[in-house]
Amino acid sequence: MGFVSLQNISKTFGNKFNALDNVSLEVDKGEFFVLLGPSGSGKTTLIRCIAGLETVDDGRISIGDRVITDFPAGERNVAMVFQNYALYPFLTVYDNLAFPLKARGRLKRTLWAESLANGTSPTTGFGYSLGLNPIKRSEVKRHIRERIDRVAEMLQITDILERKPGQISGGQRQRVALGRALIREANVYLMDEPLSNLDAKLRSSTRVELKNLQKKLGITVIYVTHDQIEAMTMGDRIGVINKGHLIQIGKPLDVYNMPDNLFVASFLGDPPINQVDGKVSEKDKSKITFGGFDLKLPGKPDLSGVSGKTLKLAIRPEDVELGDHGASARVLFVRSIGRTHYISVVLQETEEMITKVTTEETGVTEGTDVLVMPNLSHLDVFEKDSEELVWSAKRNH
Ligand SMILES: Nc1ncnc2c1ncn2[C@@H]1O[C@H](COP(=O)(O)OP(=O)(O)OP(=O)(O)O)[C@@H](O)[C@H]1O
Ligand SMILES: [Mg+2]
């Protein structure tokens, strides 16, 4: 069982709509787990259930060896960065960061436990009530200062510590909110789109810093995003969620390369995966016809089970081949961004568009005719209606 364990979690709002439907998930200690899904898919609801801010209708949640399904939020020891974060407007950034440490004497308790473990004399409020020397106030202050400095440096907010939230930018406020969660000692850190307000450059550097800090501290993070780049670059594993269903869980590249269904295939990748209509060939049930071309699949699979159904050939832009055989197409446009070339072609028979991405010089020019083929070692075929996988080069061979 994972460190954070969700078993068959369901949640309904207004007893008709399933925001979460039978979600099970195991997250390891020290793991950076990314929950990826479109707007309204249930991401926030799921982490609010873990935090205890929503009750679940069904299922069981545990952290470590404690079943916490019915624990109040305050007793779960989780830190959360909210999607709609709010800072205390009347406190400086520094005091906003210090607040979770001062609240309920958390830092004092930690220091006291640490000093006991180290064999030195216990010294906080507890120690005092036990007749022992209390930790000096100045020592607690120094610890707070050290922690804040470390987190502020990582988030590049050191120079705004003395300002109030009203005097800093939206992106800076978001980083303070992130800092306020990281500063605490918690079993699990739940982060709801914590970088969404940052500009592209800051976002990418904060991504790296956050990931490094997480690794260094060994903390367990469940991170919510709808941004697949964020998921691919930060997650040890990702879970793709849609309409309250957790559809696929795995390492980012495994999910990218071996999607379980069409939704996952289309949600990961930029530019998005090409989806081309196909049908099992009437003459040969191991072939698929697309764009007027009969495509021979390796291993001669028997596709008679989906004969007559509309299929979708899912082809990554990097797996589109323009060569001497395949479906006839016309080159619509060629664009280059730096050394990456984007070539869009339109199939002559069906007028479907296919985009190819390559860093190689192809010599292809706009308006010319070409033949298009998928790279057969990376092709996935799905059934259009059920979105289920019908044939996959990686899995069938
Ligand atoms: N308190 C609520 N009452 C009724 N419906 C709700 C409530 N909270 C969420 N929902 C619904 O549950 C579904 C899941 O919402 P949720 O906020 O978890 O989505 P999300 O994946 O976080 O989306 P986003 O990326 O837009 O933040 C949505 O359809 C939403 O409208
Ligand atoms: Mg949300």
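Residues numbered from 1 in each chain as written. Chains lettered and ligands numbered in written order. Predicted model: local features only at pLDDT ≥ 70, side-chain atom pairs only at ≥ 80, totals over all residues. Heavy atoms only, no water.

Chemist: Can you tell me about the pattern of salt bridges, naming the residues and giving the values?
Modeler: It is possible for side chains bearing opposite charge to pair when their charged atoms get close. Tallied over the full model, the rule gives 13 salt bridges. When the shortest N-O distance is used, the salt bridge between Asp149 and Arg145 registers 3.3 Å. Placement of both Asp149 and Arg145 in helix H5 (residues 137-154) is noted, with a separation of four residues, approximately one turn of the helix. Overall, Asp149 belongs to the partly exposed group, its relative accessible area being 30%. Measuring nitrogen to oxygen at the nearest pair gives 3.2 Å for the salt bridge that ties Arg203 to Asp227. In this pair, Arg203 is assigned in helix H7 (residues 200-217) and Asp227 in the loop between strand E8 (221-225) and helix H8 (228-234), connecting sequence segments 24 residues apart. Arg203 gets classed as buried once you look at its relative accessible area, which sits at 17%. (Salt bridge = Lys/Arg side-chain N within 4 Å of Asp/Glu carboxyl O. Helix = DSSP H or I, 4+ residues; strand = E, 2+ residues; numbered from the N terminus. Buried < 20%, exposed > 50% of the residue type's maximum accessible area, 1.4 Å probe, protein only.)

Chemist: For the site of ligand 1, give the residues involved together with the corresponding values.
Modeler: Surrounding ligand 1, one finds 13 residues, the nearest of these being Ser39, Gly40, Lys43, Thr44 and Thr45. The separation between an oxygen atom of ligand 1 and a polar side-chain atom of Ser39 is 2.5 Å. Within the backbone of Gly42, a nitrogen or oxygen atom sits 3.0 Å from an oxygen atom of ligand 1. When the free accessible area of ligand 1 is taken as 640 Å², the share hidden by the protein chains comes to 61%. Of all the elements in the fold, those that place two or more residues in the shell around ligand 1 are strand E2 (17-27) and helix H1 (43-51). Of all the elements, H1 adds the most residues to the shell around ligand 1, at three residues. (Near = heavy atom within 4 Å. Polar contact = N/O pair within 3.5 Å; in protein donor to acceptor, adjacent residues only side chain to side chain. Areas by Shrake-Rupley, 256 points an atom, 1.4 Å probe, with all protein chains shown as cover.)

Chemist: Could you give an account of the domain arrangement of the chain, naming the residues involved and the relevant values?
Modeler: By the assigned domains, the chain splits into domain 1 (4-257) and domain 2 (273-396). Taking only C-alpha atoms into account, the centre of domain 1 sits 43 Å from that of domain 2. (Domains from an automatic or database assignment.)

Chemist: How would you sum up H7? Please name residues and give values.
Modeler: Across its 18 residues, H7 extends 26 Å between first and last C-alpha, which sits within 8% of the 26 Å expected from 1.5 Å per residue. For H7, the complete set of buried residues consists of Leu202, Arg203, Thr206, Arg207, Leu210, Lys211, Leu213 and Gln214. All buried residues of H7 project into a common sector of 165 degrees when viewed along the axis, lining one side. With respect to the buried face of H7, the exposed residues turned more than 90 degrees away are Lys201, Lys215 and Lys216. On its buried face, H7 is in contact with strand E3 (32-36), H5, helix H6 (170-182), strand E7 (188-192), E8 and H8. Just downstream of H7, Gly218 is the residue with a positive phi angle, here 70 degrees. (Expected span 1.5 Å × (residues − 1). Arc of directions from axis to C-beta. Contact = heavy atoms within 4.5 Å.)

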